[in-house]
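Chains, contacts and geometry: an overview
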Amino acid sequence: MRFKDKRILVTGSTRGIGRATAKAFAGEGARVVLHGRTTGAAEMAASEVGGVAGFGVDVGFAADCAGLLAGSVQAL
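Keep in mind it's a predicted model, so treat the numbers as computed, not measured.

A look at the packing of aromatic side chains
Tallied over the entire structure, the rule returns one aromatic pair. Ring geometry for Phe 3 against Phe 25: centres 4.8 Å apart, planes inclined by 80 degrees, an arrangement best described as edge-to-face. One end of the pair, Phe 3, is in the segment before strand E1 (7-10); the other, Phe 25, is in helix H1 (residues 16-27), and 22 residues separate them in sequence.

Structure follows, in structure tokens:
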């Protein structure tokens, strides 16, 4: 369990490779925050994967990225 108790943010993790990556980290014991374009999808993915939180953010905007990081730090 190389990632046990590590804190990880996986962007684009509501589906596909990002979701599989988040699930793998959670399976290794990491505390994972998931990210997607919509809050609903991110929260649903977090609950299904075993993540601690899910955030919907458009990473094309610096202010939104800052909010994602702040929320992730608070959740973790």
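A look at the layout of surface pockets
Empty space within the largest pocket amounts to approximately 160 Å³. Lining the largest pocket we find Gly 12, Thr 14, Arg 15, His 35, Gly 36, Arg 37, Thr 38 and Ala 41. Partitioning the lining of the largest pocket into residue classes produces one nonpolar, five polar and two charged.

Describing the pairing of E1
Judged by which residues are buried, E1 turns out to be one-sided: Ile 8 and Val 10 face inward and are buried, whereas Arg 7 and Leu 9, on the alternate face, are not. In the sheet, E1 pairs with strand E2 (residues 31-36) via four bridges, with the strands oriented parallel. Bridge pairing in E2 places Val 10 opposite Leu 34. Tracing the backbone out of E1, into H1 and back to the parallel element E2 gives a crossover that is right-handed.

Structural notes on the nonpolar core
Within the largest apolar cluster, 10 residues are counted, these being Ile 8, Val 10, Ala 22, Ala 26, Ala 30, Val 32, Leu 34, Ala 45, Ala 46 and Val 49. Breaking this core down by element, the ones donating at least two residues are E1, H1, E2 and helix H2 (39-49). For this core, the leading source of residues is H2, giving three residues. If we skip the residues at most four places from it in the chain, Val 32 touches Ile 8, Val 10, Ala 22, Phe 25, Ala 26, Gly 51, Val 52, Ala 53 and Leu 76.

A look at the confidence of the model for the chain
As a general rule, the predicted coordinates of low-pLDDT regions are not to be interpreted in detail. Here the chain averages 93 in pLDDT, and 100% of its residues register 70 or above. No element of the chain has a lower mean pLDDT than helix H3 (residues 62-75), which averages 93, and none a higher one than H1, which averages 96.

With respect to the pattern of salt bridges
Under the counting rule described, the total for this entry stands at one salt bridge. Residue Glu 48 is joined to Arg 19 by a salt bridge in which the shortest nitrogen-to-oxygen separation is 2.2 Å. In this pair, Glu 48 sits in helix H2 while Arg 19 sits in helix H1, placing the two residues 29 residues apart along the sequence.

Scoring rules and cut-offs
- Residues numbered from 1 in each chain as written.
- Predicted model: local features only at pLDDT ≥ 70, side-chain atom pairs only at ≥ 80, totals over all residues.
- Heavy atoms only, no water.
- Phe/Tyr/Trp six-rings, centres within 6.5 Å; stacked < 30°, edge-to-face > 60°.
- Helix = DSSP H or I, 4+ residues; strand = E, 2+ residues; numbered from the N terminus.
- 1 Å grid on protein atoms, 1.4 Å probe; cavity = no way out; pocket = protein on both sides within 12 Å on 5 of 7 lines; lining within 4 Å.
- Points joined across faces, edges and corners; volume = space filled by probe spheres on them.
- Nonpolar A, V, L, I, M, F, W, Y, C, P; charged D, E, K, R; others polar.
- Buried < 20%, exposed > 50% of the residue type's maximum accessible area, 1.4 Å probe, protein only.
- Pairing = 2+ DSSP bridges.
- Right-handed = clockwise from strand over helix to strand, strands pointing away.
- Core = buried A, V, L, I, M, F, W, Y, C linked by side-chain atoms within 4.5 Å.
- Contact = heavy atoms within 4.5 Å.
- pLDDT = per-residue confidence, 0-100.
- Salt bridge = Lys/Arg side-chain N within 4 Å of Asp/Glu carboxyl O.

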